[in-house]
Amino acid sequence: MRAMRRLSADPVPDELLERLIQAAVYGPSGSNAQDYQYVLVTDREVMARLAPLWSRCVDAYLASVGRTLAATMSDAKFERMRAAIEYQRDHFADTPALVIPCYRLPKVSADLDGLRGVVTQLGTAGTGRLAAHGGRISLLAEASSIYPGVQNLLLAARALGLGASLTIWHLMLEREWKAALGIPSEVHTFALIPIGWPLKPFGPVRRHPVAEVLHRDRW
């Protein structure tokens, strides 16, 4: 699974796009709540209106985090990746399809008995830490219920010969993206996934050997 940013402008049949969303829906969901929604953009006029937003987000990324060379990349590989990102930016309006995965965590009603149970199990200090970091936990709960589906979508795209890339750069202007797409303010967006037929072969996937990332029984 590798990011494919150079995509043909040829359309992707609706049947295939719906198969991708179906694959995403089959992903795990915390508490089996299944409170995910997927916005699919294929309309050329809508994509053209989104292109300036995408360009702003990409340029902000390239001016900040995108300037940092990862330890796993040579200068040449970094420049190739940057060129691909710039190509995608400049041809965004021609992207055949765009998927925006969304999630809204269901509200949990708190009561005194529930609070007593939490304090009993976590202790006063643990409950205090939980309260202090509750926002992060809620966000991770949403993320853990949407990203497994996103990975299913990406793998299904690869199996069908479609190119895709997972990005979160839109979060720098999330309010504007939501307004442009009519997404309710209380719904969180977790990615933008451009999809289309790749202009180049997929090529090999290079990752760390398992021995370099595996910790057995403890760190």
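Cut-offs and rules
Residues numbered from 1 in each chain as written. Predicted model: local features only at pLDDT ≥ 70, side-chain atom pairs only at ≥ 80, totals over all residues. Heavy atoms only, no water. Helix = DSSP H or I, 4+ residues; strand = E, 2+ residues; numbered from the N terminus. Buried < 20%, exposed > 50% of the residue type's maximum accessible area, 1.4 Å probe, protein only. Axes fitted to C-alpha atoms, helices over the stretch in contact; angles between N-to-C directions. Parallel < 35°, antiparallel > 145°, perpendicular 65-115°, else oblique. Left-handed = near helix turned anticlockwise from the far one by under 90°. Contact = heavy atoms within 4.5 Å. Nonpolar A, V, L, I, M, F, W, Y, C, P; charged D, E, K, R; others polar. Disulfide = S-S within 2.5 Å. Patch = residues over 30% accessible without salt bridge, like charges linked within 9 Å, V, L, I, M, F, W, Y side chains within 5 Å. Areas by Shrake-Rupley, 256 points an atom, 1.4 Å probe, with all protein chains shown as cover. Salt bridge = Lys/Arg side-chain N within 4 Å of Asp/Glu carboxyl O. 1 Å grid on protein atoms, 1.4 Å probe; cavity = no way out; pocket = protein on both sides within 12 Å on 5 of 7 lines; lining within 4 Å. Points joined across faces, edges and corners; volume = space filled by probe spheres on them. Expected span 1.5 Å × (residues − 1). Arc of directions from axis to C-beta. Pairing = 2+ DSSP bridges. Lys, Arg positive; Asp, Glu negative; His and termini not counted. Charge placed at Lys NZ, Arg CZ, Asp CG, Glu CD. Phe/Tyr/Trp six-rings, centres within 6.5 Å; stacked < 30°, edge-to-face > 60°.

**Student:** Where do I start with the overall build of the protein chain in this structure?
**Tutor:** Along its length, the protein chain carries 7 helices and 5 strands. Tracing the protein chain from N to C terminus, the helices and strands come up as α-β-α-α-β-α-α-β-α-β-β-α. Taken over the C-alpha atoms alone, the protein chain extends approximately 60 × 45 × 35 Å along its principal axes. The buried share among the 219 residues of the protein chain stands at 35%.

**Student:** Where do I start with the packing of helix H2 (residues 44-63) against helix H3 (residues 75-90) in this structure?
**Tutor:** Helix packing for two helices is described by the angle between their axes and how far apart those axes are. Viewed as axis vectors pointing N to C, H2 and H3 meet at an angle of 160°, and their least axial separation amounts to 10 Å. Compared by their axis directions, H2 and H3 come out roughly antiparallel. Taken as a pair, H2 and H3 cross one another with a handedness that is left-handed. Only Arg 82, Ile 85, Glu 86, Gln 88 and Arg 89 of H3 make contact with H2, whose side of the interface consists of Trp 54, Ser 55, Val 58, Asp 59, Tyr 61 and Leu 62. Looking at the contact of H2 with H3, its residues break down into 5 nonpolar, 2 polar and 4 charged.

**Student:** Whenever I open this one, the state of the cysteines confuses me. Can you help?
**Tutor:** Each disulfide is one covalent bond, formed between the sulfur atoms of two cysteines. Under the counting rule described, the total for this entry stands at 0 disulfides. No disulfide involves Cys 57; its sulfur sits 15 Å from that of Cys 102, the nearest cysteine. We classify Cys 102 as buried; its relative accessible area is 2%.

**Student:** What is the right way to look at a nonpolar patch on the surface in this model?
**Tutor:** Together, Leu 112, Leu 115 and Val 119 give the surface a local cluster of nonpolar side chains, amounting to about 260 Å² of exposed area. Within the secondary structure, Val 119 is located in helix H4 (residues 112-132). Classification of Val 119 by relative accessible area gives partly exposed; the value is 33%.

**Student:** Mind showing me how you'd approach empty space enclosed by the protein here?
**Tutor:** Empty space left among the atoms is revealed by rolling a probe the size of a water molecule over them. This structure, assessed with the given rule, holds 1 cavity of 30 Å³ or more. Each pocket or cavity is described by its volume, and for the largest cavity that value is around 50 Å³. In terms of lining residues, the largest cavity is bounded by Arg 5, Leu 7, Tyr 87, Gln 88, His 91, Phe 92, Asp 94 and Thr 95. The class makeup of the residues in the lining of the largest cavity is 3 nonpolar, 3 polar and 2 charged.

**Student:** What is the right way to look at H3 in this model?
**Tutor:** Owing to its 3.6 residues per turn, the α-helix brings residues three or four apart onto one side. Here H3 is 16 residues long and its end C-alpha atoms lie 22 Å apart, about the 22 Å a rise of 1.5 Å per residue gives. Of the residues making up H3, those classed as buried are Phe 78, Ala 84, Ile 85, Gln 88 and Arg 89. Viewed along the axis of H3, the buried residues span an arc of 140°, placing them on a single side of the element. In H3, the exposed positions that point more than 90 degrees away from the buried face belong to Asp 75, Arg 80 and Asp 90. For H3, the elements touching its buried residues are H2 and strand E5 (193-196).

**Student:** Looking at this structure, how should I read the pairing of E5?
**Tutor:** Look at any regular strand and the pattern is simple: side chains alternate between the two faces of the sheet. Here E5 shows no split at all, with Ile 193 and Ile 195 on one side and Pro 194 and Gly 196 on the other all buried. Judged from the 2 bridges that link them, strand E3 (residues 163-164) and E5 form a sheet pairing that is antiparallel. Residue pairing for E5: Ala 164 is matched across the bridge by Ile 195.

**Student:** When you look at the environment of Ala 76 in this model, what are you seeing that I'm missing?
**Tutor:** In this structure, Ala 76 sits in helix H3. C-alpha separation for the pair Ala 76 and Leu 153, spaced 77 residues apart in sequence, amounts to 30 Å.

**Student:** Would you take a moment to explain a positive patch on the surface for this structure?
**Tutor:** The grouping of Arg 2, Lys 77, Arg 80, Arg 206 and Arg 207 at the surface amounts to a positive patch. Within the fold, Lys 77 resides in helix H3. The class for Lys 77 is partly exposed, based on a relative accessible area of 32%.

**Student:** Sorry if this is basic, but what is going on with the packing of aromatic side chains here?
**Tutor:** The description of an aromatic ring pair uses the distance of the two centres, along with the angle that the planes make with each other. One pass over the structure, following the stated rule, counts 5 aromatic pairs. Ring centres 6.1 Å apart and planes at 45° place the aromatic pair Tyr 36 and Tyr 38 in the tilted group. Like Tyr 38, Tyr 36 is buried. For the pair Trp 54 and Trp 169, a centre-to-centre distance of 5.8 Å together with 40° between the ring planes defines the contact as tilted. With a gap of 115 residues between them, Trp 54 in helix H2 and Trp 169 in the loop between E3 and helix H6 (174-181) connect regions that are remote in the sequence. Across the pair, Trp 169 and Trp 54 agree in class, each one buried. Ring-pair connections join several aromatic residues into one group, and the members of that group are Trp 54, Tyr 61, Phe 92 and Trp 169.

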